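Chain and residue survey
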Amino acid sequence: MCGICCVVSLSLSRCSLHDHVYETLHRRGPDRSRDVTASSSNPEYSCLFSAHVLHMRGSPTPQPLQDDHGNLLLWNGEVFGGLAVEPEENDTQVVLSRLSACKSPSAVLSVLGQVKGPWAIIYYQKEEHCVWFGRDFFGRRSLLWSWGADERSFTLTSVSSHSSDLRCLEVPAVGVYRVDLKSWTERESLKVDVYSWELTDSDFTWEGFPSSVSFVLNHSGLSSPVLPMNMSVTEVEPNSCNSSHTSLDDLKELLKSTGKRETVRRLIDVLGEAVRRRVQHLPHQSHPHQAQVAILFSGGIDSMILAVLADRYIPPDRSIDLLNVAFKLQEPKKNRGSGKKGQNNKKERETHAVTTSLQTHFDVPDRITGRDGLRELTALSPGRKWNFVEINVTQEELKEMRMKNICHLVYPLDTVLDDSIGCAVWFAARGSGLVSEGEAAQRQHNSTAKVVLTGIGADEQLAGYSRHRVRFKTSGLQGLVKELAMELGRISSRNLGRDDRIIADHGKEARFPYLDEDVVSFLNTLPVWEKADLSLPRGLGEKLLLRLAAAELGLGPSAVLPKRAMQFGSRIAKLENSREKASEKCSRLIAS
Ligand SMILES: *[C@@H]1O[C@H](CO)[C@@H](O)[C@H](O)[C@H]1NC(C)=O
Ligand SMILES: *[C@@H]1O[C@H](CO)[C@@H](O)[C@H](O)[C@H]1NC(C)=O
Ligand SMILES: *[C@@H]1O[C@H](CO)[C@@H](O)[C@H](O)[C@H]1NC(C)=O
Ligand SMILES: *[C@@H]1O[C@H](CO)[C@@H](O)[C@H](O)[C@H]1NC(C)=O
Ligand SMILES: *[C@@H]1O[C@H](CO)[C@@H](O)[C@H](O)[C@H]1NC(C)=O
């Protein structure tokens, strides 16, 4: 993970970067920072490239990386497949040498279209006076842009600052962009060529951009790294399930009866391979048993499956950090009457009763399921040292860190939901909490793992959200499959850019196995009814295929836990005004 940035200006005066933005970039790539400028007098422009590298493996490769022709690459990515990277090679170098050899725009597109893995890129072609930039198909790495007030300059950056005068937007992950600086100097306005991914929605609208910028969409040349979604909705025999209560036995029964075992095994294979690529060849730790991999861990099915698969591929003497975040529960009195709507209500009240009687303020729902999950993992893999890191966050610390760091990282997103998830993920990924040793003893544990696995993408692809049930009820399979396609299309702007900025702030790298190209292609080829069956009860029907995989992998009760969103599971939503809507703009994010 790196922090990358470039400032382009149609003048020869030195480009500069806001100090706070520079610091925030440096937190993403603490191992090596370098600035390089490039300028030209005819056409007249200057560029500042600033790169901050987090060293992951191999010998350190400083960035911006320059080739013999003066082309410059800023690469914030990981090549997990597509382009051959030999063990002794560095992916940044491989990408640059492939790009250097390109003689035309279509050649550049062909290289980028082959990469499997997350990336954000800025690439300067000196001879051609062009700046290329963009994000991978899903938008797993952040990239923001902003325009100077004079409209004669622009900035691209992994992360910005809420309080700076840079007004930013996320670069939409709809394709690869190219700016011809020569033609810009010759016209009044900036023309941006957009080479869109084959499968993206062609109706994309460019909202919020200055009117002096025009986007010219070119549909040819950039092939999508994933197969298209199977939109087939032929009605099938519904799965039968007699009980309205879900149990592990129902799941095991389904696994036996439905002839789904083959599909389940294929899912386990492809997801296992995605996890393997993300947990192997990691930087050495000073301590040989220290964890190199951490998992954002609620004990829910998505994170449990990641843990079981990671366990297969991580050497048995390495510990694995399970990061579990909880926000301090309010005093019982204050909570009364602030009942939440929805099915969680009864359960939440039950949990709450337990909490008051035990007097432990951090026993939030995700903490409780997390502990249960830990017990399942320990039973499955008793030789492994699982560090269940209990991360307790108080109201005071939340306020302090939100103002100091988190609000800048969430920016330019701005809703109540962005605030809740941004804060919860930031504290979880920091990895600083308590690990229980034996009966009563707890020790401070600061996770040093540079790789953080997250389960994002499972709910979007396998119909895990309650809105999917609503959609299914109102408009059937047809409606559901459309909803899933739409959600996968917008996951970059809803989640991924934000989560990347948040996690990278700790000098760690977010990795998303459920969004591996091969996993998505596999799930996309299946018809929707193989992935979920929303006629079955909660805890069973949503993400059915994944639950079957969990049963096949030997997981216990966690396989039938209903989905609980992180903002409720960690109780951060309870700390704040409970009358807020998740989609409202969040006033707490505005730095004073
Ligand atoms: C390439 O070098 C960068 C910077 O040192 C490092 O973070 C990355 O892990 C290396 N990649 C490979 C495949 O060795
Ligand atoms: C679109 O891009 C391709 C590949 O670079 C190029 O050959 C073609 O001329 C472009 N089309 C338009 C309309 O600009
Ligand atoms: C954090 O909360 C857990 C309860 O989930 C408790 O066991 C632990 O002692 C707490 N630690 C601190 C430092 O408050
Ligand atoms: C662990 O992290 C906490 C919070 O970030 C910090 O205050 C503390 O100094 C760290 N401890 C060690 C031993 O690094
Ligand atoms: C979509 O799913 C149906 C039903 O399993 C299958 O017959 C069809 O081949 C699939 N289509 C694609 C494009 O994979």
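Conventions adopted
- Residues numbered from 1 in each chain as written.
- Chains lettered and ligands numbered in written order.
- Predicted model: local features only at pLDDT ≥ 70, side-chain atom pairs only at ≥ 80, totals over all residues.
- Heavy atoms only, no water.
- UniProt positions renumbered as here; feature names shortened; annotations may be inferred.
- Helix = DSSP H or I, 4+ residues; strand = E, 2+ residues; numbered from the N terminus.
- Near = heavy atom within 4 Å.
- Polar contact = N/O pair within 3.5 Å; in protein donor to acceptor, adjacent residues only side chain to side chain.
- Areas by Shrake-Rupley, 256 points an atom, 1.4 Å probe, with all protein chains shown as cover.
- Nonpolar A, V, L, I, M, F, W, Y, C, P; charged D, E, K, R; others polar.
- Expected span 1.5 Å × (residues − 1).
- Buried < 20%, exposed > 50% of the residue type's maximum accessible area, 1.4 Å probe, protein only.
- pLDDT = per-residue confidence, 0-100.
- Contact = heavy atoms within 4.5 Å.

A word on the UniProt feature "domain: Asparagine synthetase" (unreviewed entry) in the protein. As annotated by UniProt and renumbered to match this structure, "domain: Asparagine synthetase" (unreviewed entry) occupies residues 480-575. The span residues 480-575 is 57% helical and 3% strand by assignment, and the distance between its end C-alpha atoms comes to 33 Å.

What follows deals with the site of ligand 4. Every residue lining ligand 4 is accounted for by Arg430, Ser432, Gln444 and Asn446. One of the side-chain nitrogen or oxygen atoms of Ser432 is found 3.1 Å away from an oxygen atom of ligand 4. Take Asn446: an N or O atom from its side chain is 2.5 Å from an oxygen atom of ligand 4. For ligand 4, whose unbound accessible area comes to 360 Å², protein coverage reaches 32%. A breakdown of the residues in the shell around ligand 4 according to their chemical character gives no nonpolar, three polar and one charged.

Helix length check: helix H7 (residues 301-313) (13 residues) gives 19 Å between terminal C-alpha atoms against 18 Å at 1.5 Å per residue, within 8%. Counting buried residues along H7, 11 of its 13 residues qualify, which places the element largely inside the surrounding structure. For H7, every residue scored as buried is listed here: Ile301, Asp302, Ser303, Met304, Ile305, Leu306, Ala307, Val308, Leu309, Ala310 and Asp311.

Quick look at the confidence of the model for the protein now. Of all residues in the protein, 90% have pLDDT values of 70 or greater, and the mean over the chain is 89. Note on residues 333-344: pLDDT under 50 across the span, and 10 contacts to partners over four residues away in sequence or across chains. Scored below 50 in pLDDT, residues 346-359 shows 13 contacts in the model against residues more than four places distant or in partner chains.

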